[in-house]
Amino acid sequence: MKYLPILQELLESDLYLFFLIGMAAAVMTGMRMKNRKKTGIGIGISLGIYFICEVVENVRTNYMLEIMLLILGVLALGTAAGYLLEFIFHTYKINVRRKRTDGSGQNDLE
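Read on for a plain summary of the structure. Every value quoted in this text rests on a predicted model; they were computed, and no experiment measured them. (Residues numbered from 1 in each chain as written. Predicted model: local features only at pLDDT ≥ 70, side-chain atom pairs only at ≥ 80, totals over all residues. Heavy atoms only, no water.)

Okay, helix α1 (residues 5-12) next. The complete set of buried residues in α1 reads Pro-5, Ile-6 and Leu-10. All buried residues of α1 fall inside an arc of 140 degrees around its axis, so they share one side. Pointing more than 90 degrees away from the buried face of α1 are the exposed residues Leu-11 and Glu-12. Contacts made by the buried residues of α1 are with α2 (16-33), α3 (36-59) and α4 (63-91). (Buried < 20%, exposed > 50% of the residue type's maximum accessible area, 1.4 Å probe, protein only. Helix = DSSP H or I, 4+ residues; strand = E, 2+ residues; numbered from the N terminus. Arc of directions from axis to C-beta. Contact = heavy atoms within 4.5 Å.)

What follows covers the side chain of Glu-54. Counting through the fold element by element, Glu-54 comes out in helix α3. At a separation of 2.6 Å, a polar atom in the side chain of Glu-54 contacts the side chain of Tyr-50. (Polar contact = N/O pair within 3.5 Å; in protein donor to acceptor, adjacent residues only side chain to side chain.)

Counting residues in hydrophobic clusters, the biggest one holds ten residues: Ile-6, Leu-10, Leu-15, Tyr-50, Cys-53, Leu-69, Leu-70, Val-74, Ala-76 and Leu-77. For this core, the elements supplying multiple residues, two or more each, are α1, α3 and α4. Ranked by residues supplied to this core, first place goes to α4 with five residues. When near neighbours in sequence (up to four residues on either side) are disregarded, Leu-69 contacts Ile-6, Cys-53, Val-56 and Glu-57. (Core = buried A, V, L, I, M, F, W, Y, C linked by side-chain atoms within 4.5 Å.)

Relative to each other, α1 and α3 sit at 100 degrees, their axes nearing to 8 Å. Here α1 lies roughly perpendicular to α3, going by the angle between them. Facing α1, whose interface residues are Pro-5, Ile-6 and Leu-7, α3 presents Tyr-50, Cys-53, Glu-54, Glu-57 and Asn-58. Taken together, the residues of the contact of α1 with α3 sort by class into five nonpolar, one polar and two charged. (Axes fitted to C-alpha atoms, helices over the stretch in contact; angles between N-to-C directions. Parallel < 35°, antiparallel > 145°, perpendicular 65-115°, else oblique. Nonpolar A, V, L, I, M, F, W, Y, C, P; charged D, E, K, R; others polar.)

With that out of the way, let us pick up a nonpolar patch on the surface. There is a patch of nonpolar side chains on the surface, built from Leu-84, Leu-85, Ile-88, Phe-89 and Tyr-92 and spanning about 460 Å² of accessible area. Within the secondary structure, Ile-88 is located in helix α4. (Patch = residues over 30% accessible without salt bridge, like charges linked within 9 Å, V, L, I, M, F, W, Y side chains within 5 Å. Areas by Shrake-Rupley, 256 points an atom, 1.4 Å probe, with all protein chains shown as cover. Salt bridge = Lys/Arg side-chain N within 4 Å of Asp/Glu carboxyl O.)

Written out as structure tokens, the structure is:
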């Protein structure tokens, strides 16, 4: 993993927390969008930000910039994973069932 320092650092350290934060934010915003095209655009933008961070990280500028790029790259990778998860939900129309509150005992599809 010589050329992917952000991905290597994600797998070797405890940066998975930033990954999970980005993933949760993407799933929550993806649930609000309810549009596969916008979710696909979100995946593309997130992966674009991640690859830009990987390229700039390989340049070796200064230490503070590398830390910021590392965190931004991990967040972008997490949002890409979250949008991908939401894209799969929209594609296969996986719906969340809620109980009705009127006491009829039937479930509503959201």
